[in-house]
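If you want the building blocks of each chain, they are given just below.
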Amino acid sequence: MWFKNIQFFHLKNIETLDTNALVNKLSEFPLKECGSQEEFTFGWLPLIRNSEQWHLTGNSCLMIRAGKEEKILPSSVVREELENKVSEIELLEGRRVGRKEKSDLKDELVFTLRPKAFSKRSDIWCYLDLKAKILVINSTNVNLTELLFKHLQTTLGSFSMAPLQAQVSPSSIMSDWLLKNDLPASLETGDECEVQDGSEEKAKIRFKSLEPLSEDVTRHIDQGMMVTNLGLKWTEKLNFVLHGDLTLRKIKFDDTLKDQAFSDSQGGGLADLDANFALMTLTLREFFDAYCLWFDINQQD
């Protein structure tokens, strides 16, 4: 499991964080199937389907997996059924259906249709790095992230974390990097960049397959536009797109790391997962130290 999108969060009050309690309680708060009238459910999952392995540990890190199951009831289906119902009432009873009645009819239709809806599952992986004091989440989905935090609190009774706080706007720093051609020594620009102006319209320009240091890009920054995301390469280990909210997306770990993990694995699902996890956590811990320096992020509680 190599993470493809990442959010970092500070772990607070780490001395009171009981990881043994978390591990022991994972199976007590599992993902369950949606009931007939439930919109969604959320809970912990084994790392591999049908296994009893609920967590992985190594390098002072603990990885767990959660999932969300939700009923998919397309708005177009509800809308069509509602239009048919409204038309039927107006034709048979010779009257117009008002707003309040339409709302009540819609609620009734949703109640009737939901048990027949298909279910969809989304996974969210994360790990706690107790040495770096961070929570690393393999998702940038706000809804899933909030559900994960709530479920951690439900499982442990409390769970204290905080988003990262940069002392200077990340967009300003990335803009300066390109405008002054002055990136940190460990970074190289990739071939993807987006800039945005400060007007109410927030006009955006996306550059693909183009060197971000080219005049086509820097000219817009010189005219006052700001970098909102930027493709980067860190050392010889990571390619990613860094966003102004400090998230990392489209992450690609270098093939040499993956080859090393393959060599370290004894073969099989859990063995492969363990080998990948070991190398990924060490790499991201090293990356996080550099990342905090670039954006002057306080690593203390």
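A brief report on the enclosed structure follows. Note that the structure is predicted; figures quoted are calculated from it, not measured.

What about the overall build of the protein chain?
Item 1. What the protein chain contains, in helices and strands, is 8 helices and 12 strands.
Item 2. Dimensions of the protein chain along its principal axes, counting C-alpha atoms only, are 75 × 55 × 35 Å.
Item 3. Counting contacts in the protein chain only where the partners sit at least 6 residues apart, residues at least 24 apart contribute 67% of the total.

Details of helix α2 (residues 75-93)
Item 1. The terminal C-alpha atoms of α2, which comprises 19 residues, lie 26 Å apart, in line with the 27 Å expected from a rise of 1.5 Å per residue.
Item 2. The set of residues buried in α2 consists of Val 78, Leu 82, Val 86 and Ile 89. Axial view of α2: buried residues confined to an arc of 65°, hence all on one face. Structural note: α2 exposes Leu 91 and Leu 92 on the side pointing more than 90 degrees away from its buried face.
Item 3. Buried residues along α2 sit in contact with α3 (99-113).

Digging into the pairing of strand β6 (residues 134-137)
The side chains of a regular strand alternate, residue by residue, between the two faces of the sheet.
Item 1. Burial along β6 is two-sided: the residues Ile 134 and Val 136 and Leu 135 and Ile 137 are all buried.
Item 2. As defined by bridge partners, strand β1 (residues 7-11) adjoins β6 across 4 bridges and the pair is classed as antiparallel. Residue pairing across strands places Phe 8 opposite Val 136, the latter belonging to β6.
Item 3. Across 4 bridges, strand β5 (residues 118-129) lies against β6 in antiparallel orientation. Note on β6: the bridge partner recorded for Tyr 127 is Val 136.
Item 4. Two successive antiparallel strands, β5 and β6, enclose a turn made up of 4 residues, where Lys 133 displays a positive phi of approximately 60°.

Things to note about the side chain of Ser 122
Item 1. Note on placement: Ser 122 falls in strand β5.
Item 2. Note on Ser 122: relative accessible area 18%, which makes it buried.

Points about the nonpolar core
Item 1. Phe 8, Trp 177, Phe 240 and Tyr 291 are the most contacted members of the largest nonpolar core, which has 53 residues in total.
Item 2. Per-element accounting of this core gives the leading share, 12 residues, to helix α8 (residues 269-294).

Details of the side chain of Thr 281
Item 1. Along the polypeptide, Thr 281 turns up in helix α8.
Item 2. In this structure the side chain of Thr 281 is engaged in a polar contact, spanning 3.0 Å, whose partner is the backbone oxygen of Ala 278.
Item 3. Each residue touching Thr 281, except ones within four places of it in the same chain, is listed here: Asn 59, Cys 61 and Tyr 127.

Observations concerning the packing of helix α7 (residues 255-264) against α8
Item 1. At a closest axis distance of 8 Å, the pairing of α7 and α8 adopts a crossing angle of 140°. On the basis of their axis angle, the class for α7 and α8 is oblique. In this structure, the crossing between α7 and α8 has a hand that is right-handed. Contacts between α7 and α8 involve Leu 257, Gln 260, Ala 261 and Asp 264 on the former and, on the latter, Ala 275, Asn 276, Leu 279 and Thr 283.
Item 2. Residue composition of the contact of α7 with α8, grouped by class: 4 nonpolar, 3 polar and 1 charged.

Focus on the packing of aromatic side chains
Item 1. The final tally for this structure, using the stated rule, is 15 aromatic pairs.
Item 2. When the ring of Phe 8 is compared with that of Tyr 291, the centres are 5.2 Å apart and the planes differ by 55°; the resulting orientation is tilted. On the criterion of sequence distance, the pair formed by Phe 8 in strand β1 and Tyr 291 in helix α8 is long-range, its members being 283 residues apart.
Item 3. A residue is classified by how much of its surface remains accessible, and Phe 8, at 5% relative accessible area, is buried.
Item 4. Since its relative accessible area comes to 0%, Tyr 291 is described here as buried.
Item 5. A ring pair is formed by Trp 177 and Phe 295, whose centres lie 5.8 Å apart and whose planes are at 40°; its orientation type is tilted.

Things to note about unusual backbone geometry
Item 1. The phi dihedral of Asn 59 falls on the positive side, at around 55°, and the residue is not glycine.
Item 2. As for its position among the elements, Asn 59 is in the loop between β3 (56-58) and β4 (61-72).
Item 3. Residue Asn 59 is classed as partly exposed on the basis of its relative accessible area, which comes to 28%.

Focus on the environment of Leu 17
Item 1. Following the sequence through the fold, Leu 17 ends up in the loop between β1 and α1 (19-25).
Item 2. Through-space distance from the C-alpha of Leu 17 to that of Val 227 is 37 Å; in sequence the pair is 210 residues apart.
Item 3. The residues contacting Leu 17, other than those within four sequence positions of it, are Leu 11, Leu 128, Leu 130, Leu 156 and Phe 159.

Reading guide: rules and limits
Residues numbered from 1 in each chain as written. Predicted model: local features only at pLDDT ≥ 70, side-chain atom pairs only at ≥ 80, totals over all residues. Heavy atoms only, no water. Helix = DSSP H or I, 4+ residues; strand = E, 2+ residues; numbered from the N terminus. Contact = heavy atoms within 4.5 Å. Expected span 1.5 Å × (residues − 1). Buried < 20%, exposed > 50% of the residue type's maximum accessible area, 1.4 Å probe, protein only. Arc of directions from axis to C-beta. Pairing = 2+ DSSP bridges. Core = buried A, V, L, I, M, F, W, Y, C linked by side-chain atoms within 4.5 Å. Polar contact = N/O pair within 3.5 Å; in protein donor to acceptor, adjacent residues only side chain to side chain. Axes fitted to C-alpha atoms, helices over the stretch in contact; angles between N-to-C directions. Parallel < 35°, antiparallel > 145°, perpendicular 65-115°, else oblique. Left-handed = near helix turned anticlockwise from the far one by under 90°. Nonpolar A, V, L, I, M, F, W, Y, C, P; charged D, E, K, R; others polar. Phe/Tyr/Trp six-rings, centres within 6.5 Å; stacked < 30°, edge-to-face > 60°.

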